[in-house]
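Working through the structure, step by step
Each chain, written out:
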Amino acid sequence: MLTLSILDQSPISYGSNAREALQQTVELAQVAEKLGYKRFWVSEHHDSTTLAGSTPEVLIAHLAAKTNHIRIGSGGVMLPHYSAYKVAENFRMLEALYPERIDLGVGRAPGGMPRATIALNGDRRRNVDQYPDQVAQLKAYLTDTLPTDHPLHGLKVSPLIDTVPKLWLLGSSGGSAAVAAEQGAAYAFAHFINGEGGQAAVQAYKERFQPSAFCEQPQASVAVFVICADTDEAAERIASSLDLSLLMLESGQPSLGTPPIEMAEAYAYSPFERARVAANRQRMVVGSPRTVKDELTAMAAAYGVEEVIAVTITYRHEDRLRSYELLADAF
């Protein structure tokens, strides 16, 4: 039986606003807990008119307070922007407040356009080449294992507690898989970002995994766009909003949020754009509960994972809630 989890990016629908999107994220977390989802992650995106989630550590605190037992985490914190020590403090605080419920997922993507990166880093140059070292520092801070020859040996990460937030590395290529294996972290492949190469990345992660305080055995999952409705036809119609939204994003078209179904149906796709929509469907699973269950089961088997993280973006919030309800029922 597959374990099901959720990554929510607090998407803003056309005609809506960021405050409403965040309120919908809270509602969705509560529904996810009732439906039996394992974990609920929120994302980090900057300078965005279409996604409201910018500070996962703040949103995690609110979501954990509004739920009771579901694991809450980041999918993820974009570590190269920040001090590994401060990230460790943030998530130790969350772990102290909500013991054994917190996931710290980190990634190395910028999470926004270059001007946001400049604003986040100030005079400091963002250096993704330092990411493996940052992850090693983060691990050492969270587990109080700075080497004796480290210039900061003896440094404590407050608050001092007896549990550790679960460390996940998020990636859409093999690079993060190698770092996750070396540091003994769990690994989530972002199939919804890159529909190719994930199976090889997960396999390499498993082969190179080194046990740690976070994981004794390799633990991997795959995150994919999922839209489920009562019938295949209904799901296809709902997914047309995401089709157009992804196309607008990759072509640089200005967007005021996830477009309505009617706008997507009326859009005059060029042959090239139709080809891009078809290509993007490789990152999505769309259909009725039976269709979605079959495709996700096959995907998990191909990846060799026991957990699927669903990312669902629809124009209507009720369609998103219904999709997650049907997905949970299917399994």
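Reference entry: report on the structure contained in this document. (Residues numbered from 1 in each chain as written. Predicted model: local features only at pLDDT ≥ 70, side-chain atom pairs only at ≥ 80, totals over all residues. Heavy atoms only, no water.)

With respect to helix α11 (residues 289-303)
- Taking 1.5 Å per residue as the helical rise, α11 with its 15 residues ought to reach 21 Å, and the 21 Å between its terminal C-alpha atoms agrees with that figure.
- Listed in full, the buried residues belonging to α11 are Thr-291, Val-292, Leu-296, Met-299, Ala-300 and Tyr-303. Looking straight down α11, one finds that the buried residues subtend no more than 150 degrees of arc, so they occupy a single side. The outward face of α11, more than 90 degrees from its buried face, is lined by the exposed residues Arg-290 and Ala-301.
- With its phi angle positive at about 75 degrees, Gly-304 sits one or two positions after the end of α11. (Helix = DSSP H or I, 4+ residues; strand = E, 2+ residues; numbered from the N terminus. Expected span 1.5 Å × (residues − 1). Buried < 20%, exposed > 50% of the residue type's maximum accessible area, 1.4 Å probe, protein only. Arc of directions from axis to C-beta.)

Focus: the side chain of Thr-314
- In this structure, Thr-314 sits in the loop between β10 (307-311) and α12 (317-330).
- Among the polar contacts made by the side chain of Thr-314, one reaches the main-chain carbonyl oxygen of Arg-316 at a distance of 2.7 Å.
- At a separation of 3.2 Å, a polar atom in the side chain of Thr-314 contacts the main-chain amide nitrogen of Arg-320.
- Thr-314 has contacts with Ser-13, Ile-227, Ile-238, Thr-258, Asp-319 and Arg-320, leaving out every residue within four places of it along the chain. (Polar contact = N/O pair within 3.5 Å; in protein donor to acceptor, adjacent residues only side chain to side chain. Contact = heavy atoms within 4.5 Å.)

Some thoughts on the nonpolar core
- Residues Phe-40 and Leu-138 are the most contacted members of the largest nonpolar core, which totals 94 residues.
- For this core, the element with the highest residue contribution is strand β8 (residues 220-228), accounting for eight residues.
- Among the nonpolar cores identified, the runner-up in size contains six residues, and Leu-244, Ala-264, Tyr-269 and Val-277 belong to it. (Core = buried A, V, L, I, M, F, W, Y, C linked by side-chain atoms within 4.5 Å.)

A look at the side chain of Arg-283
- Structurally, the position occupied by Arg-283 is in the loop between α10 (271-280) and β9 (284-287).
- Within the structure, Arg-283 has its side chain in polar contact with the side chain of Asn-280 (distance 2.8 Å).
- Beyond its immediate stretch of four places on either side in the chain, Arg-283 contacts His-191, Phe-192, Ile-193, Asn-194, Gly-195, Val-224, Phe-225, Leu-246 and Glu-250.

Topic: the packing of aromatic side chains
- Under the defined criterion, the tally for this structure stands at eight aromatic pairs.
- With a centroid separation of 5.8 Å and an interplanar angle of 90 degrees, the aromatic rings of Tyr-37 and Tyr-324 are classed as edge-to-face. One end of the pair, Tyr-37, is in the loop between α1 (18-35) and β2 (39-42); the other, Tyr-324, is in helix α12, and 287 residues separate them in sequence. We note that Tyr-37, like Tyr-324, is buried.
- Residues Tyr-85 and Tyr-141 carry aromatic rings whose centres are separated by 5.3 Å and whose planes lie at 75 degrees to one another, so their mutual orientation is edge-to-face. Placement of the pair is Tyr-85 in helix α3 (residues 84-97) and Tyr-141 in helix α5 (residues 131-143), with a sequence separation of 56 residues.
- With a relative accessible area of 22%, Tyr-85 lands in the partly exposed category. (Phe/Tyr/Trp six-rings, centres within 6.5 Å; stacked < 30°, edge-to-face > 60°.)

Things to note about the layout of surface pockets
- Estimates place the volume of the largest pocket at around 1,400 Å³.
- Along its surface, the largest pocket is lined by 50 residues, and Gln-9, His-45, Leu-51, Gly-111 and Leu-249 are the ones closest to its centre.
- Of all elements in the fold, only β6 (166-171), β7 (186-190), β8 and α8 (232-251) reach the threshold of two or more residues within the lining of the largest pocket.
- If one sorts the elements of the lining of the largest pocket by residue count, α8 sits on top with six residues. (1 Å grid on protein atoms, 1.4 Å probe; cavity = no way out; pocket = protein on both sides within 12 Å on 5 of 7 lines; lining within 4 Å. Points joined across faces, edges and corners; volume = space filled by probe spheres on them.)

What to know about the pairing of β8
- Buried residues dominate β8, accounting for nine of its nine residues.
- Note that β7 and β8 share four bridges and pair parallel. In the sheet register, Ala-188 faces β8, and the bridge partner there is Ser-221.
- Examined bridge by bridge, β8 and β10 share four bridges and lie parallel to one another. Among the inter-strand pairings, Phe-225 is bridged to a residue of β10, identified as Val-311.
- Strand direction decides the pairing type here: β8 and β9, joined by four bridges, are parallel. (Pairing = 2+ DSSP bridges.)

Focus: the packing of α11 against α12
- Direction vectors running N to C along α11 and α12 enclose 65 degrees, while the axes themselves pass 9 Å from each other. Viewed along their axes, α11 and α12 form a crossing whose handedness is right-handed. Contacts between α11 and α12 involve Pro-289, Val-292, Lys-293 and Leu-296 from the former and Leu-326, Leu-327 and Ala-330 from the latter.
- Along the lines of polarity and charge, the residues of the contact of α11 with α12 split into six nonpolar, no polar and one charged. (Axes fitted to C-alpha atoms, helices over the stretch in contact; angles between N-to-C directions. Left-handed = near helix turned anticlockwise from the far one by under 90°. Nonpolar A, V, L, I, M, F, W, Y, C, P; charged D, E, K, R; others polar.)

Side note on empty space enclosed by the protein
- Summed over all chains, the structure comprises one cavity of 30 Å³ or more.
- Of the pockets and cavities examined, the largest cavity occupies roughly 40 Å³.
- Residues that form the lining of the largest cavity fall into these classes: three nonpolar, five polar and two charged.

Brief notes about the pattern of salt bridges
- Counted according to the given criterion, the structure contains 14 salt bridges.
- Measuring nitrogen to oxygen at the nearest pair gives 3.5 Å for the salt bridge that ties Lys-86 to Glu-89. Taken together, the positions of Lys-86 and Glu-89, both in helix α3 and three residues apart, correspond to about one turn of that helix.
- The class of Lys-86 is partly exposed, set by a relative accessible area of 45%.
- Overall, the relative accessible area of 18% leaves Glu-89 in the buried class.
- Among the salt bridges present, the one from Asp-243 reaches Arg-281, with a minimum N-O distance of 2.9 Å. On the criterion of sequence distance, the pair formed by Asp-243 in helix α8 and Arg-281 in the loop between α10 and β9 is long-range, its members being 38 residues apart.
- Here the salt bridges do not stand alone but share partners, grouping Arg-39, Arg-71, Asp-103 and Glu-307 into one network. (Salt bridge = Lys/Arg side-chain N within 4 Å of Asp/Glu carboxyl O.)

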